[in-house]
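Chains, contacts and geometry: an overview
Below, each chain spelled out in residue letters.
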Amino acid sequence: MRVMEVPMQDWGVILVTRRMGENIRMQIAARLSAEQEPLTMLLDFQEVEIMDYSCADELVTRLAVEINNRLYGDRFLLLANMNEALCENVFVALKQRGIAMQHLPIAGAEEAQLIGELRPYLESALAMLNKSRILTARDLADAEGLAINTASNRLTELAKGGLAHRRSESVASGGKQYQYLSILPAEMIS
């Protein structure tokens with residue numbers, strides 16, 4: 001899956017107010033709408049020093065809700081390079097809306113971090129997905145000793161939460177099964 005990087009510093013190093021967040025979100029939404037194929041949009045906060053709660057809520061959480069509701073098709077959202085203060089404001093905004101997202105930390109860290117809250121059994125399924133890159137319910141069921149419907153429900157929850165890409169494939173018996181793909185960039189170690 002293609003990754004589209006969006007340098008957030010293009011809007012400045014201080015991102016504050018709900019109005020600014022809405023303006024940025026609308027510009028990003030226009031980019032998402034223009035794309036035809038599935039993609040992961042990576043919001044890179046490398047040079048951003050400050051983003052207040054209002055901007056984080058309007059920009060990050062509202063955009064995540066729109067993407068999770070499939071307003072733009074098969075699109076996914078990752079965050080990258082946020083400092084501790086940005087992470088804290090984004091965490092609070094995501095937590096209040098019951099959303100979790102993945103954050104690619106500043107260079108040198110070896111794995112993605114989860115921001116927001118996710119049930120532990122879903123965190124475990126997400127970690128396995130990110131490690132294997134592609135997973136089926138059967139794969140998860142066998143690895144975790146779960147019933148197939150339990151494994152399927154967990155992967156479906158990850159997909160609905162925007163943490164995994166779900167696609168169907170035909171199987172030899174004539175039926176179909178779902179594959180779940182990690183939304184992390186291929187070069188990301190998790």
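In this report, the structure presented in the accompanying data block is examined. (Residues numbered from 1 in each chain as written. Predicted model: local features only at pLDDT ≥ 70, side-chain atom pairs only at ≥ 80, totals over all residues. Heavy atoms only, no water.)

Some remarks on the sheet that holds strand β8 (residues 134–135)
Test applied: Each pair of strands is called paired provided DSSP finds at least two bridges between the two strands. Put simply, DSSP H or I for four residues or longer makes a helix, DSSP E for two residues or longer makes a strand, and each gets a number counted from the N terminus.
Strand order in the open sheet formed by three strands is β8-β10-β9, with antiparallel pairing between adjacent strands. The sheet is open, and its two borders are formed by β8 and β9 (164–170), each paired with just one other strand.

A word on the nonpolar core
Test applied: Note on terminology: a nonpolar core comprises buried Ala, Val, Leu, Ile, Met, Phe, Trp, Tyr and Cys residues joined through side-chain atoms within 4.5 Å. Here's how the labels work: a residue is buried when its accessible area is under 20% of the maximum for its type, exposed when over 50%, partly exposed in between, all with a 1.4 Å probe on protein chains only. Only heavy atoms matter for contacts: two residues are in contact if any of them lie within 4.5 Å across the pair.
Counting 33 residues, the largest nonpolar core has Met8, Ile28, Leu43, Phe45 and Met51 as its most contacted members. At seven residues, the largest contribution of residues to this core is made by helix α2 (residues 53–68). Discounting residues that sit within four places of it in the chain, isoleucine 28 has contacts with Val6, Met8, Trp11, Met41, Leu43, Leu59 and Leu63.

A few points about the packing of helix α5 (residues 137–144) against helix α6 (residues 148–160)
Let me state the cut-off plainly: In this analysis, axes come from line fits to C-alpha atoms, helices being fitted only over the stretch in contact, and the angle between any two N-to-C directions falls in the range 0 to 180 degrees. By the definition used in this description, the sense in which the near helix is turned from the far one sets the handedness, with an anticlockwise turn below a right angle giving left-handed and a clockwise turn giving right-handed. Only Asp, Glu, Lys and Arg are considered charged in this grouping, and only Ala, Val, Leu, Ile, Met, Phe, Trp, Tyr, Cys and Pro are considered nonpolar; every other residue, Gly among them, is considered polar.
Contact pair α5 / α6: the axes reach a minimum separation of 8 Å and the direction vectors enclose 115 degrees. Read as a crossing pair, α5 and α6 show a hand that is right-handed. For the pair α5 and α6, the contacting residues are Ala137, Arg138, Leu140 and Ala141 in the first and Ile148, Ala151, Ser152, Arg154 and Leu155 in the second. When the residues that make up the contact of α5 with α6 are grouped by side-chain class, the tally is six nonpolar, one polar and two charged.

What about the environment of glycine 162?
Along the chain, the position of glycine 162 falls in the loop between α6 and β9. Distance from glycine 162 to isoleucine 50, taken between C-alpha atoms, is 25 Å for residues 112 residues apart in sequence. Apart from the residues within four sequence positions on either side, glycine 162 is in contact with Asn68, Phe76 and Ile183.

A look at a nonpolar patch on the surface
We apply this condition: Distance thresholds for patches are 9 Å for like charges and 5 Å for nonpolar side chains (Val, Leu, Ile, Met, Phe, Trp, Tyr), applied to residues having over 30% relative accessible area and no salt bridge. Computed by Shrake-Rupley with a 1.4 Å probe, the accessible areas treat only the displayed protein chains as cover when residues are assessed. By definition, a salt bridge exists where a carboxyl oxygen of Asp or Glu is found within 4 Å of a side-chain nitrogen of Lys or Arg.
Residues Val13, Ile14 and Ile50 make up a contiguous nonpolar surface patch of roughly 230 Å² in combined accessible area. In this structure, valine 13 sits in the loop between β1 (2–7) and β2 (14–15).

Don't take any of this as a statement about function, it's just geometry.
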